[in-house]
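# Coordinate analysis (summary)
Listed here are the chains, written in short residue letters.
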Amino acid sequence: MEKLIERFRQRDRMALSKLITMVENNSPQILDIMGEIYSPIGKARVVGVTGPPGAGKSTLIDKLIRSYRQAGHTVGVLCIDPSSIFGGGAFLGDRVRMQRAYRDDGVYLRSLATRGALGGLVPRIGEIIKILDAFGIDIIIIETVGVGQLESDVIRYSDTKIVVSVPGLGDQMQTLKAGILEIADVLVVNKADLPGAQNVVDDLQMMLYLRKESDWTPEIVLTEALSDQGIPELFQAIQRHQDYLSRSGLREFQIKRHREETCLYAVQETLKRFTEELVQEKEDIRNILKTVREGGINPYKAAEDITQLILDKGINGRW
Ligand SMILES: Nc1nc2c(ncn2[C@@H]2O[C@H](COP(=O)(O)OP(=O)(O)OP(=O)(O)O)[C@@H](O)[C@H]2O)c(=O)[nH]1
Ligand SMILES: [Mg+2]
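What you are looking at is a predicted structure, and each value in this text was computed from that prediction instead of being measured.

Along the chain, the regular secondary structure elements total 15 helices and seven strands. Residue burial in the chain is summarised as follows: out of 319 residues, 46% are buried. Counting only contacts in the chain whose residues sit at least 6 apart along the sequence, the fraction spanning at least 24 positions is 75%.

See below:
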């Protein structure tokens, strides 16, 4: 573990990948490791990109990577891979498209599998962001599909949220609209080369008029990612939003909130692991569970007994 941390500190990308995998696998050592690497945390800016399948999110990100590299920033991209749900190889295509970026040391790409049922969140994306941050990555871009439950964690952790829409979505547009205003900081209308792009822009503009008064009005950017149209404008719009976050104090507020959440998360994880260990090891607990299995005790009452045992004997080390 010490070697791994040392390699991570020396900016070894293999070590970075290894740590992210450990988080994904919920490795028992991860809290200790996070404790070791924590110090430089809180520098990276996180940009979330979401929108319907095929809207051009990956193409846009590919172009943004280049803009950020030109501006001298290092970039990490996390693709939330829906393949575990849909069984497709969605990220493979992205990889081919982003091949160029792979040969650049200042760019780190990674796909993350969503676990479990539909709507399942990527486990511990907050921890993964902190690892990238500690590694010294300036800009973290997260790609997710859709606007819904799946992204709620990503939304929570993104400083700037970009929602991409395209012409010709029809019904999807309606669904998109429902969530769009609540989350978007920047609205992108991609595929400007297709008919109807300007209609989508007008539509969104209308929605913005109906929106509640707020300090930040989402900017609408028309892009044609394939041919680099609108990319500098998008880059600027993100920049303006980031400046707004700093200026308004929102960024600082978020950082403080994340610090507290991180601490509480670590406490919960520690207690959870501790409980799991005791359940495995202690005869007293296993006996109660056996009675629960047989229907001999109300599981809720039994839980009270077990909790009491853990508090009395486990935590005070009297077992
Ligand atoms: N006509 C047109 N096609 C585009 C544009 N931008 C991207 N595309 C194409 O749209 C398709 C989907 O692009 P992606 O970047 O993979 O879209 P995505 O939103 O990442 O897709 P998923 O990750 O599968 O949800 C590709 O064939 C792109 O070449 C554009 O501005 N105009
Ligand atoms: Mg994609």
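Helix length check: helix α11 (residues 197-209), at 13 residues, gives a terminal C-alpha distance of 19 Å against a target of 18 Å (1.5 Å per residue), a fit within 8%. For α11, every residue scored as buried is listed here: A197, V200, V201, L204, M207 and L208. Buried residues of α11 fall within an arc of 120 degrees about the axis and therefore sit on the same side. Away from its buried face by more than 90 degrees, α11 exposes N199 and Y209.

As a further point, take the coordination of the magnesium ion (ligand 2). In the first shell of the magnesium ion (ligand 2), the protein supplies S58 (OG) and E143 (OE), at 2.1 Å from the metal. Taken together, the residues S58 in helix α4 (residues 57-70) and E143 in strand β4 (residues 139-145) connect sequence positions 85 residues apart.

With that settled, the discussion passes to the pattern of salt bridges. Overall, the coordinates contain 14 salt bridges when judged by the stated rule. Between R110 and E24 there is a salt bridge whose closest N-O contact spans 2.7 Å. In this pair, R110 is assigned in strand β3 (residues 107-113) and E24 in helix α2 (residues 13-24), connecting sequence segments 86 residues apart. Across the pair R273 and E269 runs a salt bridge, and its minimum N-O distance is 3.3 Å. With R273 and E269 both in helix α13 (residues 250-281) and four residues apart, the pair spans about one turn of that helix. For R273, a relative accessible area of 16% puts it in the buried group.

Positive phi, close to 55 degrees, is recorded for N26, a residue that is not glycine. Note that N26 resides in the loop between α2 and α3 (30-37). Look at K191: it is not a glycine, yet its phi comes out positive at around 65 degrees. Summarising the element assignment, K191 is placed in the loop between β6 (186-189) and α11. Assessed through its relative accessible area of 29%, K191 is described here as partly exposed.

Let us look at the pairing of strand β7 (residues 219-222). Only one face of β7 is covered, namely the face carrying E219 and V221; the face carrying I220 and L222 is uncovered. Of the strand pairs in this sheet, β6 and β7 are connected by four bridges, and their pairing is parallel. Residue pairing in the sheet places V189 in a bridge with L222 of β7.

Secondary-structure assignment places S158 in the loop between α9 (152-157) and β5 (160-165). Taking relative accessible area as the criterion, S158 reaches 1% and is therefore assigned buried. At 3.5 Å, the side chain of S158 and the backbone nitrogen of G48 are in polar contact. In this structure S158 touches V46, V47, G48 and I142, once residues within four positions along its chain are discounted.

Turning to the nonpolar core, a few remarks are in order. Core analysis: the largest hydrophobic core is formed by 31 residues, its most contacted members being F8, L78, I131, I140 and I142. Of all the elements in the fold, those that place two or more residues in this core are α1 (2-9), α2, α3, β2 (75-81), β3, α8 (125-135), β4 and α9. Here the element with the most residues in this core is α8; it accounts for seven residues. When sequence neighbours within four positions are dropped, the list of residues in contact with I131 reads F8, L16, L19, I20, V23, M34 and I37.

Turning next to a nonpolar patch on the surface. Together, M206, Y209 and L210 line one region of the surface with nonpolar side chains, adding up to about 420 Å² of accessible area. Assignment of secondary structure puts L210 in the loop between α11 and β7.

When pLDDT is averaged along the chain, the result is 85, and 82% of the positions lie at 70 or above. Scored below 50 in pLDDT, residues 84-93 shows 12 contacts in the model against residues more than four places distant or in partner chains. pLDDT under 50 marks residues 117-121. Its contacts with residues more than four places away, or in other chains, come to 10 contacts.

Further remarks concern the packing of α2 against α8. Put simply, α2 and α8 touch, their axes get as near as 10 Å, and they point 165 degrees apart. Taken together, the axes of α2 and α8 lie roughly antiparallel to each other. You can see that α2 and α8 cross each other, and the crossing is right-handed. Contacts between α2 and α8 involve R13, L16, L19, I20, V23 and E24 on the former and, on the latter, E127, I128, I131, L132 and F135. Its residues assigned to classes, the contact of α2 with α8 shows eight nonpolar, no polar and three charged.

Another aspect to go through is the environment of A184. By the secondary structure assignment, A184 is in the loop between α10 (171-183) and β6. Taking the C-alpha atoms as reference points, A184 and K161, 23 residues apart in sequence, are found 5.3 Å from one another. Discounting chain neighbours no more than four positions away, the residues touching A184 are K161, V163 and P218.

Cut-off values and rules
- Residues numbered from 1 in each chain as written.
- Chains lettered and ligands numbered in written order.
- Predicted model: local features only at pLDDT ≥ 70, side-chain atom pairs only at ≥ 80, totals over all residues.
- Heavy atoms only, no water.
- Helix = DSSP H or I, 4+ residues; strand = E, 2+ residues; numbered from the N terminus.
- Buried < 20%, exposed > 50% of the residue type's maximum accessible area, 1.4 Å probe, protein only.
- Contact = heavy atoms within 4.5 Å.
- Expected span 1.5 Å × (residues − 1).
- Arc of directions from axis to C-beta.
- Donors = N, O, S within 2.8 Å, 3.2 Å for Na, K, Ca; no water.
- Salt bridge = Lys/Arg side-chain N within 4 Å of Asp/Glu carboxyl O.
- Pairing = 2+ DSSP bridges.
- Polar contact = N/O pair within 3.5 Å; in protein donor to acceptor, adjacent residues only side chain to side chain.
- Core = buried A, V, L, I, M, F, W, Y, C linked by side-chain atoms within 4.5 Å.
- Patch = residues over 30% accessible without salt bridge, like charges linked within 9 Å, V, L, I, M, F, W, Y side chains within 5 Å.
- Areas by Shrake-Rupley, 256 points an atom, 1.4 Å probe, with all protein chains shown as cover.
- pLDDT = per-residue confidence, 0-100.
- Axes fitted to C-alpha atoms, helices over the stretch in contact; angles between N-to-C directions.
- Parallel < 35°, antiparallel > 145°, perpendicular 65-115°, else oblique.
- Left-handed = near helix turned anticlockwise from the far one by under 90°.
- Nonpolar A, V, L, I, M, F, W, Y, C, P; charged D, E, K, R; others polar.

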